[in-house]
Amino acid sequence: MNSDEPRAQIEKLRATIAHHDELYYRKAQPEITDVEYDRLKQSLATLESEFPEFASAGGESPTARVGDDRTEGFATYRHRERMMSLDNTYSETELREFYGRLAKLLGREELAFVVEPKIDGLAVSVTYEHGVFVRAVTRGNGVEGDDITVNALTIKSLPRTLRRGDDLFSEAPALIEIRGEIFMTTAEFQRINKLREEAAEPLYANPRNLAAGTVKQLDSREVAQRKLEIVLYGLGACEPASALPATQSGWHEQVRAWGLPTVEKYWLAKSPDEIWAAVQELDKVRGQFAYATDGAVVKLDSIPLQREAGATSKAPRWAMSYKFAPERAETRLNAITIQVGRTGVLTPVAELDPVRLAGSTVSRATLHNRDEIARKDIRLGDFVYVEKAGEIIPAVVEVNVKRRSPECAPYVFPEKCPVCGTPVVQLEGEVALRCPNYDCPVQVRRRVRHFASKACVDIEGLGEAMVDTLVEKGWARSVADIYRLRKDDLMTLGKSVEKSTDNLLAAIEASKHAELWRFIHGLGIMHVGAAASKDLAQKFRSLDALAEAKHEDFIAGKKTVIEGIGETMAQAIIEHFNDPRNRALVGELQSLGVRPAPPPERAAATSALFAGKTFVLTGTLPTMTREQATEKIEAAGGKVSGSVSKKTSYVLAGAEAGSKLAKAQSLGVPVIDEAEFSRMLAG
Ligand code: IVH
């Protein structure tokens, strides 16, 4: 071996791992399964131990890192106590060795362990002060994470206060950080993916990614439309520390007694055999849990002994996770088809000999992109292994090279769009290849489908099949063409009778006056969903004004001008209208008689009762909606803001008020209820 080779290999592996860390932690869109990722890390660790001379080159190795999920648009919060990672294994032997190692370290013959589910969600730390929920923060880099309190408040199963008065202990600690996972049920995942499919938006690969993507949404109303759940199992900082149970099992009971959602089941085990038996039992029952369980976490039960065992730079010595290997199946790859998305992204899909896998028959699987096919050296006719990543969407993970026929040539990714033949391009900083042809029939079809869909302008009779026909006939080359359709043409569509044609044309005519937000959403601007479209409609009040928007209309200094519209969306909107074709569409729609209905104008101030006063609303008011309260405040010359600061005049709080209430109390901002508010209004 050339002496440079291991070094080059190490560097390449590090770069690959860093790439997948970015996809998993920040983008919540991993391209490889956990098992593949763990294998990459294992190869790196092996190489680094064989060639320690290269191990320290180029900074910290990713094997000693826990990733970083922090994203732009969130405030950073420093955990009182670090959030650590876990050592993991797929091997029964290593799990058994873990027992012996700890027994030796602690100088004991027998140790008690808790075996509990390893939840495949998004790590989170929630803080309660004097029993009141104040904050939720992602793991981030373990030291600092993103403050996602507002989004966590949409989680119905997360209590705002700890239940007291139980026999464990009645006083809630002054401050406690409780660790757990945010997740989404499979049912909710499927519900949302169905909506995405209808709106021609890319599907999420599995519940974990969707949960992670949702938690990092900047618009908390979008978050509220997706049902997130939480489960809590761990302990961070606690003041005073003396208030806590002395065992991990006692801690689970405490969490339950406080009324917090916790693991359904855990096992106590006193020997390697008992640990292994518990792990296998967990494997049998995990299918019934609300969350996806990808392994077992084995923890020393005694908390004083946990402290004695301590931690390495990355993970505690007193815990270990055993991961269940996902089911895999071997089958033949017959063909690779290339799908083209609304924005022209090319996605390769494997066409397979049907094979049974984890309860269903699989005949197609994602291949992600060109780089992934090259990295795995997947060739047509190969026998490949498929696994279900996150147990939902199957992926091709590896080739069985032993069964490869000698004639099999490396796969050449098409250089032209399979639909329109335009040479594909790769945009800077993107892995994906795109068809740059805006008029590519697939892109047109998907754009028009999206525009006409229920989630957008909602034109009855203009479903996917009808759109496809219109595009095929060449009658719909753009969204604007919908408004140019002619009765004569439509009547030639054999099966359509006069009445349905009239109905369709009437629905199209009526849609000209649909609400503005529907048109904004229908334009298909990246990252802009329905809730954001509503905010944009409120602020800009016409498509023209939105198309003219400048960066400072969204971001002033470092602050967002419109709550929920951050830097990513701002840039996407500006870029969208930088494209002359997108800009022209706005004018065309206008000239075709489209007159979107702007949202009702917020009433102008009719008094100066609250002039100079800022209100923050939190919780549910007994008789008024938030909108009604906002209207009243604004009509009286006051302002409503989303966050509490020293400058806030009043916090108007209702039932289940959350962190804003706690913050008001800590800053000494006056808190009023609806009755008091009505008295103030009455003067
Ligand atoms: S204990 C200090 N228990 O897995 C111990 N972690 O791979 C750290 N996880 O960062 C965590 N279920 O996000 C623990 N029952 C469980 C868990 C669990 C899931 C996550 C957690 C951790 C990651 C490490």
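The coordinates are above.
Calculation criteria
Residues numbered from 1 in each chain as written. Predicted model: local features only at pLDDT ≥ 70, side-chain atom pairs only at ≥ 80, totals over all residues. Heavy atoms only, no water. Helix = DSSP H or I, 4+ residues; strand = E, 2+ residues; numbered from the N terminus. Rg over C-alpha atoms; globule rule 2.2 N^0.38 Å. Buried < 20%, exposed > 50% of the residue type's maximum accessible area, 1.4 Å probe, protein only. Contact = heavy atoms within 4.5 Å. Areas by Shrake-Rupley, 256 points an atom, 1.4 Å probe, with all protein chains shown as cover. Phe/Tyr/Trp six-rings, centres within 6.5 Å; stacked < 30°, edge-to-face > 60°. Pairing = 2+ DSSP bridges. Right-handed = clockwise from strand over helix to strand, strands pointing away. Near = heavy atom within 4 Å. Polar contact = N/O pair within 3.5 Å; in protein donor to acceptor, adjacent residues only side chain to side chain. Core = buried A, V, L, I, M, F, W, Y, C linked by side-chain atoms within 4.5 Å. Axes fitted to C-alpha atoms, helices over the stretch in contact; angles between N-to-C directions. Parallel < 35°, antiparallel > 145°, perpendicular 65-115°, else oblique. Left-handed = near helix turned anticlockwise from the far one by under 90°. Nonpolar A, V, L, I, M, F, W, Y, C, P; charged D, E, K, R; others polar.

Some details on the overall build of the protein
If you tally the helices and strands in the protein, you get 25 helices and 24 strands. Compactness check: the protein gives a C-alpha radius of gyration of 28 Å against a globular reference of 26 Å for 683 residues, within 12% of the reference. Overall, the C-alpha framework of the protein stretches about 85 × 85 × 45 Å when taken along its three principal axes. Buried positions account for 50% of the 683 residues belonging to the protein. Taking as baseline every contact in the protein between residues at least 6 positions apart, the subset at least 24 positions apart corresponds to 69%. Carbon and sulfur atoms make up 50% of the accessible area of the protein, which amounts to about 32600 Å² in all.

Re the packing of aromatic side chains
The final tally for this structure, using the stated rule, is 17 aromatic pairs. Measuring from centroid to centroid gives 5.2 Å for Trp276 and Tyr322, while their planes differ by 90°, and the two rings are edge-to-face. Here Trp276 is found in helix α10 (residues 272-285), whereas its partner Tyr322 is found in strand β11 (residues 319-323), with 46 residues between them in sequence. For the pair Trp276 and Tyr322, one class covers both residues: buried. When the ring of Tyr322 is compared with that of Phe324, the centres are 6.0 Å apart and the planes differ by 80°; the resulting orientation is edge-to-face. Residue class for Tyr322 comes out buried when judged on its relative accessible area of 11%.

With respect to the pairing of strand β23 (residues 650-653)
Along β23, one buried face is formed by Tyr650 and Leu652 and the opposite face, lined by Val651 and Ala653, is buried too. Bridging between strand β21 (residues 614-618) and β23 involves four bridges; their strand directions are parallel. Paired with Leu617 across the bridge in β23 is Leu652. Across two bridges, β23 lies against strand β24 (residues 671-672) in parallel orientation. The residue of β24 that forms the bridge with Leu652 is Ile672. What joins β23 to β24 is helix α24 (residues 659-667), and the crossover it makes is right-handed.

Here's the deal with the site of the ligand
Around the ligand, a shell composed of 13 residues is seen, among which Glu116, Pro117, Lys118, Arg139 and Glu181 lie nearest. Within the side chain of Arg139, one N or O atom sits 2.6 Å away from an oxygen atom of the ligand. Protein chains shield 87% of the accessible area of the ligand, which is 530 Å² for the free molecule. Broken down by secondary-structure element, the contributors of at least two residues to the shell around the ligand are β3 (113-119) and β10 (293-300).

Examining the nonpolar core
Residues Ile459, Tyr483, Leu536 and Phe554 are the most contacted members of the largest nonpolar core, which totals 52 residues. In this structure, Phe554 is in contact with Leu536, Phe540, Ala549, Lys559, Thr560, Val561, Ile562, Ile565, Ala570, Ile573 and Ile574, ignoring residues within four places of it in sequence. In this structure, Phe74, Ala172, Ile176 and Leu232 belong to the second largest nonpolar core, which totals 35 residues.

Section: the sheet that holds strand β8 (residues 229-239)
One open sheet holds the four strands; their spatial order is β5-β4-β7-β8, and the pairing between them is antiparallel. The open sheet has two free edges, formed respectively by β5 (132-138) and β8, since each of these has just one partner strand. Here the strands of the sheet are splayed against their neighbours by 25° on average, with no regard to which way each runs. Two elements, strand β4 (residues 122-129) and strand β7 (residues 175-183), share eight bridges in a ladder whose sense is antiparallel. For Thr127, the partnering residue across the bridge sits in β7 and is Glu177. Contacts from helix α9 (residues 248-257) reach β7 and β8 within the one sheet, and its direction differs from that of β8 by about 115°.

Details of the packing of helix α4 (residues 92-106) against α10
Running from N to C, α4 and α10 cross one another at 135°; their axes reach a closest spacing of 9 Å. Compared by their axis directions, α4 and α10 come out oblique. Between α4 and α10 the crossing geometry is right-handed. Here Glu92, Leu95, Arg96 and Tyr99 of α4 come into contact with α10, specifically with Pro272, Asp273, Ile275, Trp276 and Val279. Of the residues assigned to the contact of α4 with α10, the class counts are six nonpolar, no polar and three charged.

Brief notes about the sheet that holds strand β9 (residues 267-269)
Overall, mixed pairing links the five strands, which are arranged β2-β11-β10-β3-β9 in an open sheet. Pairing within the sheet leaves two strands with one partner each, and these edge strands are β2 (88-89) and β9. When β2 meets β11, the two strands line up parallel, connected through two bridges. Residue pairing for β11: Thr89 is matched across the bridge by Tyr322. Relative to the sheet, α4 contacts β2, β3, β10 and β11, its axis offset from that of β11 by approximately 175°. In the packing of α10 onto the sheet, contacts are made with β3, β9, β10 and β11, and the angle to β9 comes to roughly 160°.

Examining helix α23 (residues 626-635)
Every buried residue of α23 is listed here: Ala629, Thr630, Ile633 and Ala635. Next to the buried residues of α23 lie β21, β22 (639-641), β23 and α25 (674-682). Where α23 ends, the next residue or the one after it, Gly637, has phi of about 85°, a positive value.

Remarks on the packing of helix α21 (residues 567-578) against helix α22 (residues 580-591)
With their axes 4 Å apart at the nearest point, α21 and α22 run at an angle of 80° to one another. The angle between α21 and α22 places the two elements in the roughly perpendicular class. Across the interface between the two elements, His576, Phe577 and Asn578 from α21 touch Pro580, Asn582, Arg583 and Val586 from α22.

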